[in-house]
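# Structural description and commentary
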Amino acid sequence: MNDSAIDQGACTGADADSGMLELLHVARILQSRIEAAIESVELSIPKYQALEELIRCGEPVPLGQLADRQKCVRSNITQLVDRLAADGLVKRTDDPTDRRGVRAVITPLGKERFAAAGQAIRAVQESLTSKISKTDRANFLRILSAFRDE
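## As for the sheet that holds strand 3 (residues 98-106)
In spatial order, the strands read 1-3-2; together these three strands make up an open sheet with antiparallel pairing. With one partner strand each, in any of the chains shown, strand 1 (61-62) and strand 2 (90-95) form the two edges of the open sheet. The pairing of strand 1 with strand 3 spans two bridges and is antiparallel. Opposite proline 62, over in strand 3, you have arginine 103 as the bridge partner. With respect to the sheet, helix 3 (residues 45-57) is in contact with strand 1, strand 2 and strand 3, its orientation differing from that of strand 3 by roughly 100 degrees.

## A few points about helix 3
Over its 13 residues, helix 3 runs 18 Å from end to end, which matches the ideal 18 Å to within 8%, given 1.5 Å per residue. Among the residues trailing helix 3, glycine 58 stands out with phi positive, at a value near 75 degrees.

## So, the nonpolar core
Formed by 26 residues in total, the largest nonpolar core has its most connected members in Leu43 and Leu51. Listed by contribution, the elements that provide at least two residues to this core are helix 2 (13-39), helix 3, helix 4 (63-70), helix 5 (74-86), strand 3 and helix 6 (108-129). Here the element with the most residues in this core is helix 6; it accounts for five residues. When residues no more than four places from it in sequence are discounted, the contact partners of leucine 51 are Leu43, Leu84, Leu89, Val90, Ile106, Gly110 and Phe114.

## Considering the confidence of the model for the protein chain
Looking at the protein chain as a whole, its pLDDT mean stands at 87, while 89% of the residues score no less than 70. Of all helices and strands in the protein chain, the one with the weakest mean pLDDT is helix 1 (residues 3-7) (44), whereas helix 3 scores best (96). A low-confidence stretch, residues 1-9 (pLDDT under 50), is modelled with four contacts involving residues beyond four sequence positions or located in other chains.

About the cut-offs
Residues numbered from 1 in each chain as written. Predicted model: local features only at pLDDT ≥ 70, side-chain atom pairs only at ≥ 80, totals over all residues. Heavy atoms only, no water. Pairing = 2+ DSSP bridges. Helix = DSSP H or I, 4+ residues; strand = E, 2+ residues; numbered from the N terminus. Contact = heavy atoms within 4.5 Å. Axes fitted to C-alpha atoms, helices over the stretch in contact; angles between N-to-C directions. Expected span 1.5 Å × (residues − 1). Core = buried A, V, L, I, M, F, W, Y, C linked by side-chain atoms within 4.5 Å. Buried < 20%, exposed > 50% of the residue type's maximum accessible area, 1.4 Å probe, protein only. pLDDT = per-residue confidence, 0-100.

So, in structure tokens, the structure goes:
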């Protein structure tokens, strides 16, 4: 293959493999930075995601429904809600439609902590995106969106 083929965007299998490995490496770095940002406000990713779901719902959520939305088993969500409640971020309430049921509702402290985590995540995003042109960001997001349906 000559230099002009390379200049025109030809890509060998090794180049494609290298690109995928680089993408995985960058994804790990991004995950690590986001985890650190969330941990800086004393949350974990699962806690953040549960709080996000409770805010999105805007009302007390049955634990079974929260488990379904978080794509985990009920016992895991029960333990997670227990930890969130111990931290004062969520409280349990009785389910008015099922006397055996329990719902989770976010507390004001939970909303504060979620907002702080959101700010920390945005700071990471801004730090990383400031290094990339708007055109490159748009192209990258377009490429990534091709994998969403798989």
